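Letter by letter, the chains look like this.
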Amino acid sequence: LTVLAITVPVFTRKVHGSLPTLLKLNLGIDFDQTYNMVELAGMCAQAGGLDRFMSATFWIFIIICPLLRPVTQLALLHLPLPLAKQRLLHRVSRHIAAYYAFEVMLVAVPLIHLAFGPMSKALLSQYNLPQVCKPALALYPNDKDLCFEINIDKTVGYYFTIAAVLVFLLSGFDGSPTHKYMHKKLYPEDRPPPTCGPLY
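Just so it is clear, the model here is predicted, and its values are computed rather than measured.

**Focus: the overall build of the protein**
If you tally the helices and strands in the protein, you get nine helices and three strands. Start at the N end of the protein and walk to the C end: the helices and strands fall as α-β-α-β-α-α-α-α-α-β-α-α. Dimensions of the protein, computed from C-alpha atoms along their principal axes, come out at roughly 80 × 35 × 25 Å. Out of the 200 residues in the protein, the part that is buried amounts to 36%. Here the contacts in the protein between residues at least 6 apart in sequence split such that 71% fall between residues at least 24 apart. Of the roughly 11,800 Å² of accessible surface on the protein, 69% is carried by carbon and sulfur atoms.

Structure follows, in structure tokens:
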């Protein structure tokens, strides 16, 4: 699920209105594009400079750690490691879980849609840029008299991300049933309070 969430397109940018129609039909400029999380991570660094730090943050929180957390857990469950190495890997895996941020994407995609639509629509309209929009609307009219509007539409990758977050809640974060099970196996001498549940 995590690999699918990262590699399958998570949203599509769709640009509507008479101006993008004019540019597409006459100059071959198409603003519509789909993006997956790997592409977004690379795009963050396109301007160079300090943007590379933003890209590195995206890579760590959205790509690397969401992949490493389940891999380290699977290694703990299936590899015959000495107890000391199992405990070390368990600690490292728990720290990796702190840098898991798929849930941010679940909020970010709808928020981008809510912000970009009205903002882009108001930015280029027949009222504030009549010398461009009115001729474009005359050539390529539409039902809403739109000159320019950007919409961000969720695609299949977004729903894979929802599924990956739900699985993470059951198995990845500290306190999940999987974490409790591993803790009990690695630290059988630990006796937490009874309120922690039977998996401990």
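**Regarding the sheet that holds strand β1 (residues 11-16)**
Spatial strand order, β2-β1-β3: three strands in an open sheet with antiparallel pairing. Whereas interior strands pair on both sides, the edge strands pair on one side only; in this sheet they are β2 (33-35) and β3 (149-154). Going from strand to strand, the sheet's axes swing by 25° on average, the running direction of each strand aside. Strand direction decides the pairing type here: β1 and β2, joined by three bridges, are antiparallel. Among the inter-strand pairings, F11 is bridged to a residue of β2, identified as Y35.

**As for the pattern of salt bridges**
As enumerated under the stated definition, the model contains one salt bridge in all. Between D30 and K24 there is a salt bridge; the shortest N-O distance is 3.8 Å. By relative accessible area, K24 is classed as partly exposed at 44%.

**Some details on unusual backbone geometry**
Peptide bonds are, in most cases, trans, and in most cases residues other than glycine have a negative phi. One non-glycine residue, D145, lies in positive phi territory at about 55°. Tracing the sequence through the fold places D145 in the loop between α7 (130-139) and β3. When its relative accessible area of 47% is taken as the criterion, D145 is described as partly exposed.

**Some details on the state of the cysteines**
A covalent bond between the sulfur atoms of two cysteines is referred to as a disulfide. Taken as a whole, this structure holds one disulfide when the rule is applied. Here C44 stays unpaired: no disulfide links it, and the sulfur of C65, its closest cysteine neighbor, is 16 Å away. Among the residues examined, C44 registers a relative accessible area of 16% and is labelled buried. The exposure class of C65 is buried, given its relative accessible area of 9%.

**Let's talk about the environment of N36**
Within the element layout of this structure, N36 appears in the loop between β2 and α3 (37-43). Spatially, the C-alpha atom of N36 lies 5.1 Å from that of V10, the residues being 26 residues apart in sequence. Setting aside residues no more than four positions away along its own chain, N36 makes contact with I6, T7, V8, P9 and V10. A distance of 3.1 Å separates the side chain of N36 from the backbone nitrogen of V38, its partner in a polar contact.

**Looking at the side chain of S120**
Mapped onto the secondary structure, S120 falls in helix α6 (residues 102-123). Among the residues examined, S120 registers a relative accessible area of 4% and is labelled buried. Among the polar contacts listed, one links the side chain of S120 to the backbone nitrogen of I150, at a separation of 2.8 Å. Setting aside residues up to four positions removed in sequence, S120 forms contacts with F148, E149 and I150.

**Notes on the pairing of β1**
Summarising the sheet, β1 and β3 pair through six bridges and their orientation is antiparallel. Looking at the pairing, R13 lines up with I152 of β3.

**Things to note about the packing of helix α4 (residues 51-78) against helix α5 (residues 83-97)**
As a packed pair, α4 and α5 sit with axes 9 Å apart at the nearest point and diverge in direction by 155°. Relative to α5, the element α4 is oriented roughly antiparallel. Relative to α5, α4 is oriented so that their crossing is left-handed. Within the contact between the two elements, α4 uses C65, L68, R69, T72, Q73, A75 and L76 and α5 uses Q86, L89, H90, S93, R94, I96 and A97. Split by residue class, the contact of α4 with α5 holds seven nonpolar, five polar and two charged.

About the thresholds
- Residues numbered from 1 in each chain as written.
- Predicted model: local features only at pLDDT ≥ 70, side-chain atom pairs only at ≥ 80, totals over all residues.
- Heavy atoms only, no water.
- Helix = DSSP H or I, 4+ residues; strand = E, 2+ residues; numbered from the N terminus.
- Buried < 20%, exposed > 50% of the residue type's maximum accessible area, 1.4 Å probe, protein only.
- Contact = heavy atoms within 4.5 Å.
- Areas by Shrake-Rupley, 256 points an atom, 1.4 Å probe, with all protein chains shown as cover.
- Pairing = 2+ DSSP bridges.
- Axes fitted to C-alpha atoms, helices over the stretch in contact; angles between N-to-C directions.
- Salt bridge = Lys/Arg side-chain N within 4 Å of Asp/Glu carboxyl O.
- Disulfide = S-S within 2.5 Å.
- Polar contact = N/O pair within 3.5 Å; in protein donor to acceptor, adjacent residues only side chain to side chain.
- Parallel < 35°, antiparallel > 145°, perpendicular 65-115°, else oblique.
- Left-handed = near helix turned anticlockwise from the far one by under 90°.
- Nonpolar A, V, L, I, M, F, W, Y, C, P; charged D, E, K, R; others polar.

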